[in-house]
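Single-letter residue listing:
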Number of protein chains: 2
Amino acid sequence: MNDTKTLRLMFPQWQGGGNPDYVLGARLLAWLAPPAAHHLEVEVPVSLPNMEELEIENGILARAALLRQLDAARDIIDQHRPDKMIVFGGDCLMDQAPFSYLSELYGDQLGVLWIDAHPDVATPDDRDRGHTMVLGNLLGYGDAEFAARVPSPLAPERVMFVGLGRLSPQEAAFIARHGIRTAAPDVLRAGAEPVTEWIQETGIRHLAIHLDLDVFDPELFGGVSFAKPGLDGDTRASMRSGSMSFEQIANILSDVSKETDVVGLGFAEHIPWDAINLQNLMAGIPIFRA
Amino acid sequence: MNDTKTLRLMFPQWQGGGNPDYVLGARLLAWLAPPAAHHLEVEVPVSLPNMEELEIENGILARAALLRQLDAARDIIDQHRPDKMIVFGGDCLMDQAPFSYLSELYGDQLGVLWIDAHPDVATPDDRDRGHTMVLGNLLGYGDAEFAARVPSPLAPERVMFVGLGRLSPQEAAFIARHGIRTAAPDVLRAGAEPVTEWIQETGIRHLAIHLDLDVFDPELFGGVSFAKPGLDGDTRASMRSGSMSFEQIANILSDVSKETDVVGLGFAEHIPWDAINLQNLMAGIPIFRA
């Protein structure tokens, strides 16, 4: 018998990225997932999508709603005290409560693999969207009010980035200052060794994985903001999008699952343009309302 | 009170196009649709996806399975005798039973708007996939065995094409021989007048609409076979893909809904690559099976 308790959190948070389309993205991820079987599934309550209501509050868009949702997620987690968690987001900030809980649960045996085109280590001085700050918060930096909700901050040596794209000066400086390990897409073409080496060298026994879907090459995956249909070439070129393939990511996830106990997996930043366009099209056709 | 009886048919047929990925496409369309409210929803039983089992049978891939599924769809329709039908496909052939039924029900007051990059008027002499023949069958041509299951064939003057791309010689000859009206994507940029004029001139009172999602420009919609991620440029250029926008199609659907009673609407050929890739990725990650 398997007595591991796994909690699936459906967390359709959208305010951290300021885009209501994250809601359908979260729901679609949960719908696509393998059947839950023994897993418990809980949805984190999220304020209804209404961009007009959102304001920058002390440097962060919709700060109060984001803090409220962070606390709601944590309450759900504390109620169930799972061993493992799968999170269907929602903007990247949705991984703060689950990863903070896992850090308390597993202490210095926990590693965090951040698979993302962006390091998410901004502060309100750099940006005004909460989803750009989540890993910073988890490390004890980012935004002070969010970081204060991480009782057991991650140690930088037990965090590793996979798939980062072009970095801003602030991001590059943060990563260098804290000596956080990175594996660029090119390095990973041959296999996941840089990641498994990090796991072995740092003695990581349990691993939480943040998978921002924007790490995929937008030519291979269309369900992220950077792959919005109809964007002009200049806008596209200005974006810091990902460059990885499904095969690469699948190999990494498979290899680290053999090397360590994967206790957290969050899917972030899904914006399923095709599904959104189909849903909008259908919503306007009278036969559906007959 | 509204006493119209609308049947939603979930028809995950995939053998007509020879691609098991149509199954998820059909399920996703049904999931994305506005809540059914008063509509009845029924799924047509379809043989499990196993491409290895399929063979060309008397000129058509999986002929026997397709005929069996056609009959199953018709049985469901006859059992409920709806006034209107919404169909979530599946390959294009899934619209044969619903449109054949509507033709019997509404006779010469029924028009059929075929929104598609391809006219679907092939015969087994031209092609071996059933989904290329469905409108031909409905007009009394196509494949003899399939056409024999259309007791009340459509009259060519009450059929109109929207969005056709480059035609094969056989397709062009068929359309010319039967004098079927067409409105090219360019003509429709200004509005849906060519379509509403056809409705008025032919006295159409009830309209069935076949919407093959490949009518969309693959740069604007990625959920069809032609938009498969990672296809090389030559393969892409050789394909006869669509060129229409969501706004154009929404306007046409809205305009014809004002002009006539839309009694049928089928969504065909959805292959949601992003969802398929995500689902395959998730299926391989051990945490989902813990």
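Residues numbered from 1 in each chain as written. Chains lettered and ligands numbered in written order. Predicted model: local features only at pLDDT ≥ 70, side-chain atom pairs only at ≥ 80, totals over all residues. Heavy atoms only, no water.

In the nomenclature of an unreviewed UniProt entry, chain A corresponds to Arginase family protein from the organism Pseudooceanicola spongiae.

Quick look at the packing of helix α1 (residues 22–32) of chain A against helix α1 (residues 22–32) of chain B
Quick reminder of the rule: Axes here mean lines fitted to C-alpha atoms, for a helix over just the part in contact, with angles spanning 0 to 180 degrees between N-to-C directions. Working definition: helices are DSSP H or I runs of at least four residues, strands are E runs of at least two. Numbering for both runs from the N terminus. Working rule for angles: under 35 degrees goes down as roughly parallel, over 145 as roughly antiparallel, 65 to 115 as roughly perpendicular, anything else as oblique. In this scheme the crossing of two helices becomes right-handed for a clockwise turn of the near helix relative to the far one and left-handed for an anticlockwise turn of less than a right angle. Only heavy atoms matter for contacts: two residues are in contact if any of them lie within 4.5 Å across the pair. Polar here means any residue outside two lists: the nonpolar Ala, Val, Leu, Ile, Met, Phe, Trp, Tyr, Cys and Pro, and the charged Asp, Glu, Lys and Arg; Gly therefore counts as polar.
The N-to-C vectors of α1(A) and α1(B) enclose an angle of 135 degrees; their axes lie 12 Å apart at closest approach. Between α1(A) and α1(B), the interaxial angle falls into the category oblique. Taken as a pair, α1(A) and α1(B) cross one another with a handedness that is right-handed. Of the residues in α1(B), those touching α1(A) at A:Leu24, A:Arg27, A:Leu28, A:Trp31 and A:Leu32 are B:Leu24, B:Arg27, B:Leu28, B:Trp31 and B:Leu32. Classifying every residue of the contact of α1(A) with α1(B) gives eight nonpolar, no polar and two charged.

Re the relation of the copies chain B and chain A
Test applied: To superpose the copies, least squares is applied to the C-alpha atoms of every residue with a pLDDT of at least 70 in both.
Overlay of chain B on chain A (RMSD 0.0 Å): rotation 180 degrees, translation along the axis 0.0 Å. A rotation of that kind, with that shift, is consistent with a two-fold axis. No C-alpha of chain B lies nearer the rotation axis than that of B:Gly222, which sits 3.6 Å from it. Taken as a fraction of all interface residues of chain B, those also at the interface in chain A reach 100%, which identifies the copy contact as same-surface.

With respect to helix α2 (residues 63–80) of chain B
All names here are of chain B. Heads up, the rule is: Under the convention used throughout, the expected extent of a helix is 1.5 Å for every residue step, that is, one less than its residue count. Partly exposed describes any residue whose relative accessible area lies between the buried limit of under 20% and the exposed limit of over 50%, with all areas from a 1.4 Å probe on protein chains only and scaled to the type maximum.
Here α2 spans 26 Å end to end across 18 residues, near enough to the 26 Å set by a 1.5 Å rise per residue. Buried within α2 are the following residues: Arg 63, Ala 65, Leu 66, Leu 67, Gln 69, Leu 70, Ala 73, Arg 74, Ile 76, Ile 77 and His 80. Once α2 ends, the next one or two residues include Arg 81, with phi positive near 45 degrees.

Some details on the packing of aromatic side chains
All names here are of chain A. Worth spelling out the cut-off: Think of it this way: a Phe, Tyr or Trp ring, Trp meaning its six-membered ring, pairs with another when their centres are within 6.5 Å, and the plane angle makes it stacked under 30 degrees, edge-to-face over 60, tilted otherwise.
Scanning the entire structure with this criterion turns up 17 aromatic pairs over all chains. Considering the side-chain rings of Phe 88 and Phe 267, the 6.1 Å spacing of their centres and the 15 degrees angle between planes classify their relative orientation as stacked. Of this pair, Phe 88 sits in strand β5 (residues 84–89) while Phe 267 sits in strand β10 (residues 261–268), and the two are 179 residues apart along the sequence. There is no split in this pair, since Phe 88 and Phe 267 are both buried.

Some details on the sheet that holds strand β5 (residues 84–89) of chain B
Residues and elements named next belong to chain B. For clarity, the cut-off: The pairing criterion for strands is at least two bridges between them, as found by DSSP.
The sheet built from eight strands is open, its strands ordered β2-β1-β5-β10-β9-β6-β7-β8 with parallel pairing. Two strands in the sheet have a free side with no partner beyond their single neighbour: β2 (40–43) and β8 (181–183). Within the sheet, the average angular offset between the axes of one strand and its neighbour, ignoring direction, is 15 degrees. Where strand β6 (residues 110–115) lies against strand β9 (residues 206–212), six bridges are found, and the strand directions are parallel. Note that in β9 the partner of Val 112 across the bridge is Ala 208. Where α1 meets the sheet, it contacts β1 (6–11), β2, β5 and β10 (261–268), and its direction lies at approximately 135 degrees from that of β5.

Here we look at the interface of chain B and chain A
By a widespread convention, an interface's size corresponds to the accessible area lost as its parts come together. Heads up, the condition is: Accessible surface is computed with a 1.4 Å probe, and the buried area is the amount of it that two parts give up when combined, taken over both parts together. Throughout this description, the term salt bridge denotes a Lys or Arg side-chain nitrogen within 4 Å of a carboxyl oxygen of Asp or Glu.
Opposite the 50 residues of chain B that make contact, chain A presents 50 residues. The largest contributions to the chain B side of the interface with chain A come from B:Trp31, B:Ile287 and B:Phe288, which together make up 17% of the buried area. Our count for the chain B to chain A interface comes out at zero salt bridges. Counting only elements with at least two residues in the side of chain B that touches chain A, the list comes to β1, α1, β5, α9 (246–259), β10 and α10 (273–283) of chain B. Among the elements that line the side of chain B that touches chain A, the one with the most residues is α10(B), at eight residues.

Thoughts on the environment of A:Arg27
Note that A:Arg27 resides in helix α1. Taking the C-alpha atoms as reference points, A:Arg27 and A:Asp71, separated by 44 residues in sequence, lie 21 Å from one another. When residues no more than four places from it in sequence are discounted, the contact partners of A:Arg27 are A:Met10, A:Pro12, A:Glu43 and B:Trp31.

Side note on unusual backbone geometry
Cis geometry marks the peptide bond from A:Gly89 to A:Gly90, where omega comes out at 15 degrees. The phi torsion at B:Arg81 lies on the positive side, around 45 degrees, for a residue other than glycine. Along the chain, B:Arg81 falls in the loop between α2 and β5.

Re the pattern of salt bridges
Close approach of charged atoms allows side chains with opposite charge to pair. A complete count under the given rule lists 28 salt bridges over all chains for this structure. The partner of A:Asp143 in a salt bridge is A:Arg63, with the nearest N and O atoms 2.8 Å apart. Of this pair, A:Asp143 sits in the loop between α4 (134–138) and α5 (144–147) while A:Arg63 sits in helix α2 (residues 63–80), placing them 80 residues apart in sequence. On the basis of relative accessible area, A:Asp143 is assigned to the buried category, the value being 5%. With its nearest N and O atoms 4.0 Å apart, the salt bridge here joins B:Glu171 to B:Arg127. Of this pair, B:Glu171 sits in helix α6 (residues 169–178) while B:Arg127 sits in the loop between β6 and α4 (134–138), and the two are 44 residues apart along the sequence. Owing to a relative accessible area of 5%, B:Glu171 belongs among the buried residues under this scheme. For B:Arg127, a relative accessible area of 34% gives the class partly exposed. Among the ionic contacts, a cluster of salt bridges with common partners joins A:Arg74, A:Asp78, A:Arg81 and A:Glu104.

Considering the sheet that holds strand β7 (residues 159–162) of chain A
All names here are of chain A. Taking strand neighbours across the sheet as the criterion, the eight strands line up as β2-β1-β5-β10-β9-β6-β7-β8 in an open arrangement whose pairing is parallel. Of all the strands in the sheet, just β2 (40–43) and β8 (181–183) have a single pairing partner and so form its edges. The sheet shows a mean angle of 15 degrees between the axes of neighbouring strands, taken without regard to direction. Pairing geometry for strand β1 (residues 6–11) and β2, over four bridges, is parallel.

Things to note about the environment of A:Gly17
Residue and element names in this part refer to chain A. Among the secondary structure elements, Gly 17 is positioned in the loop between β1 and α1. A residue is classified by how much of its surface remains accessible, and Gly 17, at 11% relative accessible area, is buried. The spatial distance from the C-alpha of Gly 17 to the C-alpha of Gly 163 is 20 Å, given a sequence separation of 146 residues. Those residues within four positions of Gly 17 in sequence are excluded, and the remaining contacts are Tyr 22, Asp 91, Arg 129 and His 131.

Regarding the confidence of the model for chain A
The criterion, for reference: Summary of the metric used: pLDDT quantifies the predictor's per-residue confidence within the range 0 to 100.
Scored by pLDDT, chain A comes out at a mean of 95, with 99% of its residues at no less than 70. Interface predicted TM-score (ipTM) for the complex: 0.96; the corresponding pTM is 0.96.

Considerations on the side chain of A:Gln13
Residue and element names in this part refer to chain A. Basically, it comes down to this: Here a polar contact means two N or O atoms within 3.5 Å. Within protein one must be a hydrogen donor candidate and the other an acceptor candidate, and residues neighboring in sequence count only if both atoms are side-chain atoms.
Within the fold, Gln 13 resides in the loop between β1 and α1. What makes Gln 13 buried here is its relative accessible area of 1%. Within polar-contact distance, the side chain of Gln 13 engages the side chain of Gln 69 at 3.0 Å. Look past the residues within four positions of Gln 13 in its chain and what remains in contact with it is Tyr 22, Val 46, Leu 66, Gln 69, Gly 90, Asp 91, Leu 93 and Met 94.

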